[in-house]
Amino acid sequence: MTKSLNIFLLIISLSLHGNSYSQADFDLYPFDTQEKEDLFYSLLNELRCPKCQSSNLAGSNSPISNDLKREVFKLVQSGKTAEEVKTYLVQRYGNFIIYNPPIEPRTYVLWFGPFLLFCIALSAVFLLRRNLSK
Amino acid sequence: MKKTLDLIPLIIFLALILVLFTFLSGREDQLESVLVDKSFPEFSLTSLSDESSFKSKKDISELPALVNVWATWCIACRVEHPFLMKLKENSTIKIYGLNYKDDRVKALDLLERDGNPFEFSIYDFEGRLAIDLGVYGAPETFFIDKEGIVRERHVGVVDEKVWQEKFAQYLDD
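None of these values were measured; they are calculated from a predicted model.

Peer 1: Tell me about the overall build of chain A, residues and numbers included.
Peer 2: A tally of regular secondary structure across chain A gives five helices and zero strands. The N-to-C order of helical and strand elements in chain A reads α-α-α-α-α. Out of the 134 residues in chain A, the part that is buried amounts to 34%. Of the contacts made within chain A by residues no fewer than 6 positions apart, 49% connect residues no fewer than 24 positions apart.

Peer 1: Which residues make up the side chain of Lys55 of chain B, and what values do they have?
Peer 2: Residues and elements named next belong to chain B. Relative to the elements of secondary structure, Lys55 occurs in strand β2 (residues 54-56). Buried and without a salt bridge, Lys55 has Asp59 as its closest oppositely charged side chain, separated by 4.9 Å. Aside from chain neighbours lying at most four places away, what touches Lys55 is Phe43, Ser44, Leu45, Ser47 and Phe120.

Peer 1: Lay out the pairing of strand β5 (residues 121-124) of chain B with the relevant residues and their values.
Peer 2: All names here are of chain B. Side chains of β5 alternate between two faces, with Ser121 and Tyr123 and Ile122 and Asp124 buried alike. One ladder, built from four bridges, connects strand β4 (residues 94-100) with β5; its direction is parallel. Paired with Gly97 across the strands is Ser121, a residue of β5. Running through helix α3 (residues 104-114), the crossover from β4 to the neighbouring parallel element β5 is right-handed.

Peer 1: If you had to explain the packing of helix α2 (residues 34-46) of chain A against helix α3 (residues 63-77) of chain A to someone new, which residues and values would you point to?
Peer 2: Residue and element names in this part refer to chain A. The interhelical angle for the contact between α2 and α3, taken along N-to-C directions, is 145°, at an axis separation of 10 Å. The way α2 lies across α3 gives a crossing that is right-handed. Facing α2, whose interface residues are Lys36, Leu39, Phe40, Leu43 and Leu44, α3 presents Lys69, Val72, Phe73, Val76 and Gln77. By residue class, the composition of the contact of α2 with α3 is seven nonpolar, one polar and two charged.

Peer 1: Explain empty space enclosed by the protein to me, using residue names and the numbers behind them.
Peer 2: All names here are of chain B. A complete count under the given rule lists three cavities of 30 Å³ or more for this structure. When its volume is computed, the largest cavity comes out at roughly 60 Å³. Lining the largest cavity we find Asn68, Trp70, Ala71, Cys77, Arg78, His81, Leu84, Leu110 and Phe118. Taken together, the elements giving at least two residues each to the lining of the largest cavity come down to β3 (65-70) and α2 (75-90). For the lining of the largest cavity, the element with the most residues is α2, which contributes four residues. Within the lining of the largest cavity, the residues separate by chemical class into six nonpolar, two polar and one charged.

Peer 1: Residues and numbers for α2 of chain B, please.
Peer 2: The first and last C-alpha atoms of α2 of chain B sit 24 Å apart over 16 residues, in line with the 22 Å expected at 1.5 Å per residue. Inspection of α2 of chain B places Cys77, Glu80, His81, Phe83, Leu84, Met85 and Leu87 of chain B among the buried residues, and these make up the whole buried set.

Peer 1: Would you mind going over the sheet that holds β5 of chain B in detail, with residue names and values included?
Peer 2: The pairing of strands in a sheet comes from backbone hydrogen bonds and takes either a parallel or an antiparallel form. Residues and elements named next belong to chain B. In space, the five strands of this open sheet follow the order β5-β4-β3-β6-β7, with mixed pairing throughout. Unpaired on one side and paired on the other, β5 and β7 (150-155) mark the two borders of the sheet. If you compare each strand with its neighbour and ignore which way they point, the axes differ by 20° on average. In this fold helix α5 (residues 160-167) packs onto β3, β6 (140-144) and β7, with an angle of close to 150° to the strand it touches most, β7.

Peer 1: So what's going on with the interface of chain B and chain A? Which residues, and what values?
Peer 2: Listed per partner, the contact involves 24 residues of chain B and 24 residues of chain A. Summing the contributions of chain B and of chain A, the shared interface buries around 2,000 Å²; its carbon and sulfur component is 58%. Counting the contacts that link chain B with chain A gives three salt bridges. The partner of Asp132 of chain B in a salt bridge is Arg92 of chain A, and the shortest N-O contact between them spans 2.6 Å. Listed by contribution, the elements that provide at least two residues to the side of chain B that touches chain A are α1 (2-24) and α4 (128-133) of chain B. Looking at which element gives the most residues to the side of chain B that touches chain A, the answer is α1 of chain B, with six residues. Along the lines of polarity and charge, the residues of the side of chain B that touches chain A split into 13 nonpolar, three polar and eight charged.

Peer 1: Just give me the short version of the confidence of the model for chain A, but keep the residues and values in it.
Peer 2: Detailed conclusions should not be drawn from predicted coordinates in areas where pLDDT is low. Mean pLDDT over chain A stands at 80; residues scoring 70 or higher make up 79%. This model gives residues 18-25 of chain A a pLDDT under 50, and the stretch forms seven contacts once residues within four places in sequence are excluded.

Peer 1: Got a sec to walk through the state of the cysteines? Specific residues and values, please.
Peer 2: All names here are of chain B. Per the counting criterion, the structure on display carries one disulfide over all chains. Bridging Cys74 to Cys77, the disulfide has an S-S length of 2.1 Å. For the disulfide bridge between Cys74 and Cys77, the dihedral angle about the S-S bond is near 90°, and by the sign convention the bridge is right-handed. Classification of Cys77 by relative accessible area gives buried; the value is 7%.

About the thresholds
Chains are numbered independently. Their residues run from 1 in the order of the written sequence. Going through the entries in the order they are written, you letter the chains from A and number the ligands from 1. The model is predicted, so local features are restricted to residues of pLDDT at least 70 and side-chain atom pairs to those at 80 or more, both for listing and for counting; the totals for chains, interfaces and linings are taken over all residues. Calculated side-chain values reflect all of the structure's heavy atoms, with hydrogen atoms and water omitted. The numbering of helices and of strands both runs from the N terminus, where a helix is a DSSP run of H or I of at least 4 residues and a strand a run of E of at least 2. Each residue is placed in one exposure class: buried if its accessible area under a 1.4 Å probe, protein chains only, is under 20% of its type's maximum, exposed if it is over 50%, and partly exposed if it falls in between. In what follows, a contact means two residues having at least one pair of non-hydrogen atoms within 4.5 Å. The convention is simple: Lys and Arg are positive, Asp and Glu are negative, and His and the chain ends are not counted. The working definition used for a salt bridge is a side-chain nitrogen of Lys or Arg within 4 Å of a carboxyl oxygen of Asp or Glu. Pairs of strands are assigned from DSSP output, requiring at least two bridges between the strands. Whether a crossover is right-handed comes down to one check: with the strands pointing away from the viewer, does the path from the first strand over the helix to the second run clockwise; if it does, it is right-handed. Structural elements are reduced to axes, namely lines fitted to C-alpha atoms, with helices fitted over the stretch in contact, and the angle between N-to-C directions of any two is expressed from 0 to 180 degrees. Two helices that cross are described as forming a left-handed crossing if the nearer one is turned anticlockwise from the farther one by less than a right angle, and a right-handed crossing if clockwise. When residue character is reported, Ala, Val, Leu, Ile, Met, Phe, Trp, Tyr, Cys and Pro are called nonpolar, Asp, Glu, Lys and Arg charged, and the others, Gly included, polar. Cavity and pocket criteria rest on a 1 Å grid covering protein atoms alone: a 1.4 Å probe that fits but cannot get out defines a cavity, protein on both sides within 12 Å along at least 5 of 7 lines defines an open pocket, and an atom within 4 Å of a point defines a lining residue. Grid points are joined across faces, edges and corners, and a volume is the space filled by probe spheres set on the points. The span one expects for a helix is its residue count, reduced by one, times 1.5 Å. Here the buried area means the combined drop in accessible surface, using a 1.4 Å probe, for two parts upon being joined, counting both sides. pLDDT is defined as a per-residue confidence score from the predictor, taking values between 0 and 100. Disulfide: a pair of cysteine sulfur atoms within 2.5 Å of each other.

Encoded structure:
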């Protein structure tokens, strides 16, 4: 039991890190501080590749992703914060470019839909149970 | 009471279908066009035909105009090319090219062979202006009105149908 749990946890942790950058990328983006480098790689994981649509920038090697990585590198290296970099890209590519869309009327279904469905399911179970026990 | 309760799953199911249908049936497979109704971005890049000559926004001078993102590696651009040639001959609108991540010599050869519909082409090897335009592929076409504001963006080939649906309206007045 513990063994299978361990394997399960291992799989989870591997899949959580599966999207991070590969070692080979290191020399391509020479940062002057470790903080900037960390910010850069965390941004690459959060930004979506416009061409491949279901991959982030870190996981994509398409020409446009490389252009965007270079752009993010320049912005981060010049001291921009995560928010400023995201704003810069959203102004050009729209909310699509970030994997974490803002809460606005257009995305209400996305953000609140699951909770709504959960509430509906819960009340359905509740109603049915009450009905059965009668 | 029991009867109405039995109907609840069906009603929820129908509501779900309705909601998903309305939200997913829109042709949202394309990126939103953030640039529409905004000013065309500033740039400074060389011209395709002369690497020592720099072009900027003020060189896109004859407005309204189209800016067409193209490249020799882009097959759909070849499909689109005859329509752009037709526009050049039959319409008053000027077309400016944005040669995107391409080889200068190959691009010039292609224009020589198949005809050049562009007033000039901007050479954007690094995709610098393309990022400011939110371009994610080729071909893409932008319509800029008399005031230099982007009014329309089309991703993909512009043909007669797309022209009538999306662009022709801006030329009527």
